[in-house]
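As a plain string of letters, each chain reads:
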Amino acid sequence: RLIDIPFEHASRYHVWLGHLTMLLFTLHGLFYVVGWAMRGRLLRKILEWNNIGVANLAGVISLAAGLLMWVTSLPPVRRINFELFFYTHQLYVVFVIFLALHVGDFIFTIAAGGIFLFMLDRFLRFCQSRRTVNIISATCLPCGTVELVLPKPRNLRYNALSFIFLQVRGLSWLQWHPFSVSSSPLDGEYHLSILIKNLGEWTAKLRGIILNVSNEEPQIEQPLQPHSKITVSIEGPYGHESPYHLTYENLILVAGGIGISPFLGILSDILHRIKDKKPCLPRNILLVWAVRRSNELPLLHTFDMESICPSFSHILNLEIQTYVTRELEPQLEEGRVSKFMNSSIHAVSNRCGMSVLVGTGNIIWSGIYVMVSTIGLVISVGLLDIYYINPFGVSYWWYKGLLFFACMVASVCIFGGLVIVLWHLWERKTSAREVCEDDGQKIDIVQNNDPREHKESSQENCASSSVIQYGRRPDFKEIFGSISERWGRVNVGVIVCGPPSLQTSVAKECRSHNLKRSYNHPIFHFNSHSFDL
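Residues numbered from 1 in each chain as written. Predicted model: local features only at pLDDT ≥ 70, side-chain atom pairs only at ≥ 80, totals over all residues. Heavy atoms only, no water.

**A few points about the pattern of salt bridges**
With the rule as written, the count across this model stands at 7 salt bridges. As a salt-bridge pair, Glu 201 and Lys 205 come within 3.1 Å of each other at their nearest N and O atoms. Highlighted residues: Glu 201 and Lys 205, both in helix H7 (residues 201-214), separated by 4 residues, approximately one helical turn. A network of salt bridges, in which partner residues are shared, links Asp 121, Arg 125 and Glu 235. (Salt bridge = Lys/Arg side-chain N within 4 Å of Asp/Glu carboxyl O. Helix = DSSP H or I, 4+ residues; strand = E, 2+ residues; numbered from the N terminus.)

In structure tokens:
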């Protein structure tokens, strides 16, 4: 938050630092193994566990756990078997504990600060994720995408560029998957939406559960009725503290496939702000969307722009260019694919929804949590030293390292846990007060019943210019060249959400135009809204 690095970008530094750490640790262990082997003491040294000094066996176990995490996190392995990557990454517990046993308390304190911050974050996320919520509604689209509407408390803050992590305990107790929020905070005070594309085993199982609950044919979109019980746990929202899409008067949004999700939230946010006369800079928007097949086109129609702000076309110039790359002409079933069904859903009695403990939650409570836990660690280590280590003459390195680690855990759970309990009580009290103030208010999620009306409204009336091209990919040199001529000497925010190849192509084109630009051409500011875990 201090240096404004959002979660999806911070994960890159985690990856880079993880590679560097494991490279150094591996070289460290390898050099010792070579030295011991040259002296003929390899096995004895590996199994050695000194009470005073370094415990070699503990270091071997820590390194082995780290190597397993490292190998299974490499992109080829992670793409083929995400579950293997995810489950082996939980070995970080073994890695850290045996590191403390290996080096003892004094050397372990060199890394203890970073580890302690991670423990604070992990415990907070653990407490938030214990709460389960019922899905308000779910819609299965023929292209394999699921739209979920989830309950949230009124005081939970997020913006149209936020992410959440989702867990479905019926599928896995350990797996958390990140999804972009596809709604605007102005869409409703008590709900948010996400789009989930069927890309793997976990998402396929989730879609199967929804289809089974709805007990309908899979070819037709099916809304999940409010009485159906599908519960999820949520972490987040994460992302930028401020909605940077509102800082540009001119925007180019480039999406690939399901990457349209955050841009639906951006468009909805801008339209709501225009309608409510709230601060909103964007006046020219070009949306470039590349999809493989035409059955993905209804994703753009999951909200009706005209119903949000009927007169927005007089204020906002919106152009939509859609590219269907693997079809040469429109499909005959395209009209059927665009069909939506009615669902009118009232707010559930418990409006609290997901917890507000992490993500863009209350920064004052977060600060109290960190400070109290840190003070608790200092007190725990001091009391342990005065009443146990010194009186009993504890001198074993590995044991003192274990005790120090135990103090870290205790301070987070006891001192930090106390703050979380108070935070939770405050959140409950605040939510109850808001429910009383808004008693009787309904959350309505209205979707058009007539496919022809919906398609006409969404595709023809909403955008100043809307074009669908089949059998070709977007030519960014041509697109950026046209924008340069039409928009003139302005600042243009370019936001990309899609695969790495798409991001690279757009970034290169931005750089190329900026280097070669003439005086009356725009400056393109590249922003990536994608991350790969």
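**Examining the sheet that holds strand S8 (residues 231-238)**
With antiparallel pairing, 4 strands are arranged side by side in an open sheet as S1-S8-S4-S5. Among the strands making up the open sheet, the edge pair consists of strand S1 (132-134) and strand S5 (177-180). Each strand of the sheet is rotated relative to its neighbour by a mean of 45 degrees, with strand direction disregarded. For strand S4 (residues 163-167) and S8, the ladder comprises 4 bridges, and the chain directions are antiparallel. By the bridge assignment, Leu 166 is partnered in S8 with Ile 234. (Pairing = 2+ DSSP bridges. Axes fitted to C-alpha atoms, helices over the stretch in contact; angles between N-to-C directions.)

**Overview of the side chain of Ser 162**
Mapping Ser 162 onto the fold places it in the loop between strand S3 (145-151) and S4. On the accessibility criterion, Ser 162 (0% relative accessible area) is buried. If we ignore the near neighbours within four places in the chain, the residues touching Ser 162 are Phe 179, Ser 180, Val 181, Pro 237 and Tyr 238. (Buried < 20%, exposed > 50% of the residue type's maximum accessible area, 1.4 Å probe, protein only. Contact = heavy atoms within 4.5 Å.)

**Topic: the pairing of S3**
With 7 of 7 residues buried, S3 is to be regarded as a mostly interior element. Residue alternation in S3 divides its side chains into two sets, Thr 145, Glu 147, Val 149 and Pro 151 and Val 146, Leu 148 and Leu 150, and both sets are buried. Here strand S2 (residues 137-140) hands over to S3 after 4 residues, with Gly 144 in that stretch at a positive phi of 100 degrees.

**Some words on a positive patch on the surface**
Together, Arg 292, Arg 293, Arg 326 and Arg 473 make up a region of like positive charge exposed at the surface. Positionally, Arg 326 belongs in the loop between strand S11 (317-324) and helix H10 (334-337). Residue Arg 326 is classed as partly exposed on the basis of its relative accessible area, which comes to 48%. (Patch = residues over 30% accessible without salt bridge, like charges linked within 9 Å, V, L, I, M, F, W, Y side chains within 5 Å. Areas by Shrake-Rupley, 256 points an atom, 1.4 Å probe, with all protein chains shown as cover. Lys, Arg positive; Asp, Glu negative; His and termini not counted. Charge placed at Lys NZ, Arg CZ, Asp CG, Glu CD.)

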